[in-house]
Each structure stands twice: as C-alpha cells, then as structure tokens.
Amino acid sequence: METLPGAERSYWIESAEAPPYPELTGDVDADVAVVGGGIAGLSAAWELTRAGRRVVVLEAARIAGGVTGNTTAKLSALHTLKYAWLIRNVGVRAAELYARSQQEAVEHVARTAAELGVDCDLERLPAYTYAEEPGRVEQLREEAQAASRAGLNASFVTETPLPFPVAGAVRVEDQAQFHPRKYLLALARRMVDEGAAIYENTRVLRLDEGEPCRLRTASGHTVTAADVVVATHYPVFDRALLFARLEPSRELVVAAPIPADRDPGGMFITPEGSTRSVRTAPYGDGRRLLIVTGEQFLPGSGGVTGRYERLAAWTRVRFGDDLDIAYRWAAQDNSATDNLPFVGRLHLGAVHAYVATGFGGWGMSGGVMAGRLLGDLITGSPPPWAKLYDPARVHPLREAMPMLKLQATVARHFIGDRLCPPGAETLEDIAPGTAAVLRVGSERCAVYRDEAGKAHVVSAVCTHLGCVVRFNDAERTWECPCHGSRFDLDGKVLQGPANKPLKHFNTEADPPPS
C-alpha cells in the first residue's frame, strides 16, 4: 500500500460535511418513495417535492456519499464520442433529443443553484474531447459535426489549453463543473424544509408493486407509497432483468493541488489510454485541485494498485513531476448494452415503479436529467425524450452482440471461477496484508489477513446471483466481476446490486463447517 499516491479519500466527501439524517424506525407512508440518495434519487425527490408530492427518500448508507460522492463532477452534454454514434445507430432526432435533455440538465443545475443561493463552486467552462494520436482526427471531426447537428455549440479545434499538444479536439461551449455534494446537500435540506423525509442507513430489501406499492426494509419496517423510484445506481430489484443489459465498470481518480496559473481552464476527456478525464476545482490559497480520472476496468479485474500507479504517472508526465498527489478515490458506473441510460417504468408491466440507471460514466447530467424525467412521468407530463430512455425499449440488432458479450463474460466468471484452483491452500498460507479465495470445508471463502495478523473470513459467493468475488488490492474490498457488487473485508455491502452481506465467519478458529 506504500506505493499508492495520495490519501484514500474523496475530496468531495472531505470538503462538504453532511448532517446526519435518521434511520427509519417505524412504518411510514408517502406519495412517492425514492430508493437511493445519490444524484438521480435526490434530483427526483427534489422535483417531486416541488410538485407538491409527499416524498420519502430511503438511503442504505449516507446520502450523496456513494457513487455521487466519488464522481469527477462534470456537468456536460459532451459525452466523449456519443453524437456520431447516435446519428449512425439511432438517428438524428435521437441525437437532438439526447443533446437537448443533457444540456437542459446542465442549465437546470445552474438555475436551481442560483434560485436557492447554493454555493456549489459551479463554473461555466467549455468541454473538450481530445486525442493525441493523429489517427483519431477524422473521428473527432465527425463527432464535432454530429454534436453541432444535434444542437450543441460544438466545433473542431486543433489547440486546447492543456499543457501538452493534441492532434485535435471537439470543443463544446456552455458546459459546467460543480461540487456535487454541496449542491445535493443543499437540495436535501430544502426539500426536508418543504415536507420531504430522508432516512439514512435504511436498506430496502423488497418491493411489492401494487396500488399502493410497499417497500420492506432490512429492519422489517414498511414504507407505503403510491409510486416508487428505484435509483440505487444498479437496480437492487432484478424483476426488470436489467442485469442482462448493464455492464459495470470502475474508474480511478487522483487529485493534486496546482497553482491557479497552471489551471487549463476547461474539462477534458480522451478515449485513449483506458480513458483520461481532466478538470480542476477551487482549492483555496490561490490554488486549484487538478482532478484526473481514468484506468477504466471491470470490478474484480485485479491489479488496481498498478492502475493507480499508471494514472499517477500519466498525470505527472503531462502536468508536472512536482505534483504532490493529495487524494485518490474510485467511482463505479454501469453502461447499457445499447449505450443509453434506462430511465422510466421499471419493467413492461410496471404501473407505479420507476428506475434510473445505466449512465455510462455521465451520471451528473444524466442523474439530473433522470430526476426531471421521472418527476414528469409521475406527474403526468413526460418530455419529448421519454421514449429515448424508456427501459422497455428493445433494439435486437444494436444490442445483440453487446448482450452476448456481456453474458459470456458473466458465464465465464460464474462457471470458470469455480473451476479455478484456489489462491491459497490454507488460511496459514495467507500473509499479512494479502488476500485469497480458498476452499475451507465445503465452502469457498474470501480471506484477508490484516497487518496485525487477523484473518477476516467471509463467503466468497456474491449474494446477488452467486458469482465468486475477487479482491481489490488497492481499496481492500471484495468485488463481484459479474455485476459489480462490492463488499468490505467483513462482508458488508458497499455497493449493489447485492443487498445482503457475505456470510461472515468470526475468527480463523471458527471456519466454515466441512
């Protein structure tokens, strides 16, 4: 762990203290229950509260503390190379609706922050998709033309404010970056003032759809609501079978203070090198915080320490060897097999249950868009782009190959990981500071031995659909390579779709039964 750069904490979480909200301790009822307190869930709750609905938010941990608290926090309608793909595969009208819905989300945050007087470090800046390789120039020209055709203020440029040369870039004006927690925590305070209720540390295990709907929490309490929004990042209810159309990915972040005169003054992303995304944020004392994201990988892929080192090295090469990396953190998102988010009714037969997921790395504009769209659907005034994001859409030709590839990956892990030899033969083989999956008695166990020598022993079988978890050496977590569930060393759920912990065995003297 000594080789890792920076302290393992999110700047957004560290720099915006959140007041605690109570745990649900009894049965409640509401007009709308929102499951999930990230940007999509809180945005939906905000819109519905403003529309006069009685809203309850149920968050398994702390609001704005999961994926939203570990984002890069770009508010942009330029999503790398999205628009040329949309025009080729879905049509010009779809590209126009996508651009309009995403840009309106950017403007909505700016208007809301101004209306409420929220100081969320919001800055209006251009966004760039760039490439250093000359072979990508024509692709960037095509994207600039497509983004412009879709309605964005886009152009192709050969120079950017980055401190290194590029072969070309797409530039889109009137985008934004902000502090997501400062914004969302202010929305939470205001919606509670207006009658909403927020419950933290309240995990929802069951949804019974009906009139009304009923949610059951881990503590056994019931929430009754006319409508339910599932905004848990990856849906925790599998009835929509969205797990067959969602691919999880994880990205790493490093951040370092820089003098203000070295701020490139924009938001930048390249598809090269396993993705590299760059922005800055106000940091005080005449400095900015340079935030660099990249090294996209499937949860459970391993080698995360090496990925952090590569990202830090890339950052220093391009922005200065003198950089003192202060923070590192990681974020996770899900991409849909047809490359568009799922926002709308949870499944074909759903009447009062809704979902928001699959933002493909663009959860800030996507989450705000989803909150507005779900609010409009529930109040009966859907916008023109509702069908574009409808989870019930089916595109067999466009989705066939990505779905087959995704399911082949899942099947390989589900079956292959069970056939692989264990990472160690016995508990005694695991050295301090290391982890392995091994067979103890009749069960596969995930074992981590901490620096003090204590073995943390849990079941290696993910409680979602039964894949075998793998160890993340940098974050010291167990991750499911099938659907991205994440667990701490003692089996506690850190990230769904799993909503039950891994079975925990108290001590190495009390192993699983044979």
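For clarity, every value in this text was computed on a predicted model and none was experimentally measured.

Quick word on the pairing of strand β10 (residues 213-217)
Going residue by residue along β10, you find C213, L215 and T217 tucked away on one face and R214 and R216 left uncovered on the opposite face. In the sheet, strand β9 (residues 204-208) pairs with β10 via 4 bridges, with the strands oriented antiparallel. Bridging from a neighbouring strand, L207 pairs with L215 of β10. Where β9 folds back on β10, the antiparallel hairpin that results is connected by 4 residues. As defined by bridge partners, β10 adjoins strand β11 (residues 222-230) across 4 bridges and the pair is classed as antiparallel. The partner of C213 across the bridge, within β11, is A225. Taking the residues that link successive antiparallel strands as the turn, the β10-β11 hairpin has 4 residues, and the phi of G220 there is positive, at about 90 degrees.

A closer look at helix α3 (residues 82-89)
α3 sits mainly inside the fold: 6 of its 8 residues count as buried. Along α3, the residues that are buried comprise K82, Y83, A84, W85, L86 and I87. Downstream of α3 by a residue or two, G91 has a phi angle that is positive, lying close to 120 degrees.

Some points on the nonpolar core
In this structure, Y83, F178 and V343 are the most contacted members of the largest nonpolar core, which totals 87 residues. For this core, the leading source of residues is helix α4 (residues 92-116), giving 10 residues. Those residues in contact with V343 that sit more than four places away from it in its chain are V355, A356, F359, M369, A370, L373, L374, Y389, D390 and P391. Counting 28 residues, the second largest nonpolar core, distinct from the first, contains V56, Y234, F243 and V355.

A closer look at the sheet that holds strand β20 (residues 443-449)
Strand pairing in a sheet relies on backbone hydrogen bonds, with the paired strands running either antiparallel or parallel. Pairing is antiparallel in the open sheet, where 4 strands are placed in the order β19-β20-β21-β26. With partners counted over all chains shown, the strands left at the sheet margins are β19 (434-440) and β26 (504-505), one partner each. Inspection of the sheet shows β19 paired to β20 by 7 bridges, in the antiparallel sense. The residue of β20 that forms the bridge with A435 is Y448.

Scoring rules and cut-offs
Residues numbered from 1 in each chain as written. Predicted model: local features only at pLDDT ≥ 70, side-chain atom pairs only at ≥ 80, totals over all residues. Heavy atoms only, no water. Buried < 20%, exposed > 50% of the residue type's maximum accessible area, 1.4 Å probe, protein only. Helix = DSSP H or I, 4+ residues; strand = E, 2+ residues; numbered from the N terminus. Pairing = 2+ DSSP bridges. Core = buried A, V, L, I, M, F, W, Y, C linked by side-chain atoms within 4.5 Å. Contact = heavy atoms within 4.5 Å.

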